[in-house]
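One letter stands for each residue in the lines below.
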Amino acid sequence: TKSRDTVPMSLIEVHAYDYGEFADFLANQRHYAAMNCGVVPTQNDLLKLQLAVLKNPSKRPEYNKAKELIDKCSMQSLLVEQLTLTPLDTVTTNKEGQFSLSLGRND
C-alpha cells in the first residue's frame, strides 16, 4: 500500500453483555454514584487547588481528597474498572473500524 493512503486505525474490542445483568449492574452503579458522588469537584476546582498547593503546601490534603473523589466517581472507575460481568461475546473491529456481531434472542 502507499503510505500516504494508509490511515492507522486502532482495533477496538466490543463486548456484548446479558441485558438483565448489565441493567442490574448499571442500577447499582447509579445508586452508588447518587450516594457517594453528589458533590464532585470540577476539573476547574482541581486546577485551583493545584495552584493553592503551590502557594501553600498545607492545602495538599484538601487537593488529595478532591482528586480521590474525582477519580472514584469518574465514568472510567464506575463503569469500566468495576465491570465484572462475563460478556456473551467479544468482537474486535477490523482496520476500517467495522465489526459484526450476531447473538440469539433470549425471550
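As a convention, each chain's residues are numbered from 1 in the sequence order in which they are written. This being a predicted model, a pLDDT of at least 70 is required before a residue's local features are given, and a value of 80 or more before pairs of side-chain atoms are given or counted; all residues contribute to the totals for chains, interfaces and linings. To get the side-chain values, all heavy atoms of the structure are used, and hydrogens and water are removed first.

*Asks:* Would you explain the overall build of the protein in this entry?
*Replies:* Put simply, DSSP marks the helices as runs of H or I at least four residues long and the strands as runs of E at least two long, and each gets a number from the N terminus on. When you go through the protein residue by residue, the secondary structure sums to four helices and two strands. Going residue by residue from the N terminus, the α and β elements of the protein occur as β-α-α-α-α-β. Whether two residues are in contact is decided by their heavy atoms, any of which lying within 4.5 Å being enough. Of the contacts formed within the protein by residues at least 6 apart in sequence, a portion of 75% connects residues at least 24 apart. In this description, accessible areas are obtained by the Shrake-Rupley approach with a 1.4 Å probe, and a residue is regarded as covered only by the protein chains that are shown. For the protein, the exposed surface amounts to about 8,700 Å²; the carbon and sulfur share of it is 54%.

*Asks:* Mind showing me how you'd approach the environment of Gly-97 here?
*Replies:* For Gly-97, the location among the structural elements is in the segment after strand 2 (89–92). Working definition: with a 1.4 Å probe on protein chains only, accessible area under 20% of the residue-type maximum means buried, over 50% means exposed, and in between means partly exposed. According to the relative accessible area criterion, Gly-97 is partly exposed, its value standing at 33%.

*Asks:* Explanation requested: helix 3 (residues 60–72) in the structure shown.
*Replies:* Given 3.6 residues to a turn, an α-helix orients residues that are three or four positions apart in the same direction. To estimate the expected span of a helix, subtract one from its residue number and multiply by 1.5 Å. The end-to-end C-alpha distance of helix 3 is 18 Å, a good match for the 18 Å that 13 residues give at a rise of 1.5 Å each. Of all the positions in helix 3, only Tyr-63, Ala-66 and Ile-70 are classed as buried. Each buried residue of helix 3 sits inside an arc of 65 degrees when the element is viewed along its axis, so together they form one side. Opposite the buried face of helix 3, at more than 90 degrees from it, the exposed residues are Pro-61, Lys-65 and Glu-68. Among the structural elements, helix 2 (43–55) are those in contact with the buried residues of helix 3. What the arc measures is the spread of directions leading from the helix axis to the C-beta atoms.

*Asks:* Explain the environment of Val-39 to me, please; I cannot follow it from the model alone.
*Replies:* Inspection of the secondary structure assignment puts Val-39 in the loop between helix 1 (19–36) and helix 2. A relative accessible area of 75% places Val-39 in the exposed class. For the pair Val-39 and Ile-70, spaced 31 residues apart in sequence, the C-alpha separation works out to 9.8 Å.

*Asks:* Which parts of the structure should I look at to understand the pattern of salt bridges?
*Replies:* Pairs can form between side chains of opposite charge once their charged atoms are near each other. Take a side-chain nitrogen of Lys or Arg and a carboxyl oxygen of Asp or Glu: if they are within 4 Å of each other, that pair is a salt bridge. All told, the structure shown has one salt bridge when counted by the stated rule. Two residues, Asp-71 and Lys-67, come together in a salt bridge whose shortest N-O distance is 3.2 Å. On the criterion of helical spacing, the pair formed by Asp-71 and Lys-67 is a turn pair, its members being four residues apart in helix 3. Residue classification places Asp-71 among the partly exposed residues on the basis of a relative accessible area of 39%.

*Asks:* Just checking my understanding: could you explain helix 1 for this structure?
*Replies:* The end-to-end C-alpha distance of helix 1, which contains 18 residues, comes to 25 Å, matching closely the 26 Å that a straight helix rising 1.5 Å per residue would cover. One side-chain oxygen at the N-terminal end of helix 1 lies 3.2 Å from the backbone nitrogen of Gly-20; it belongs to Asp-18. The definition of a polar contact used here is a pair of N or O atoms within 3.5 Å, where within protein one atom must be able to donate a hydrogen and the other to accept one, and adjacent residues in sequence count solely through side-chain atom pairs.

*Asks:* Would you mind showing me how to read the state of the cysteines here?
*Replies:* Put plainly, two cysteines are in a disulfide when a covalent bond ties their sulfur atoms together. Our working definition of a disulfide is a cysteine sulfur pair at a distance within 2.5 Å. Considering all chains together, one arrives at one disulfide under this definition. The side chain of Cys-37 participates in a disulfide bridge whose partner is Cys-73; the two sulfur atoms lie 1.9 Å from each other. Because the torsion about its S-S bond is -80 degrees, the bridge between Cys-37 and Cys-73 counts as left-handed. With a gap of 36 residues between them, Cys-37 in the loop between helix 1 and helix 2 and Cys-73 in the loop between helix 3 and helix 4 (75–81) connect regions that are remote in the sequence. With relative accessibility at 14%, the residue Cys-37 sits in the buried group.

In short, the description is geometric, and any link to function would need to be established separately.
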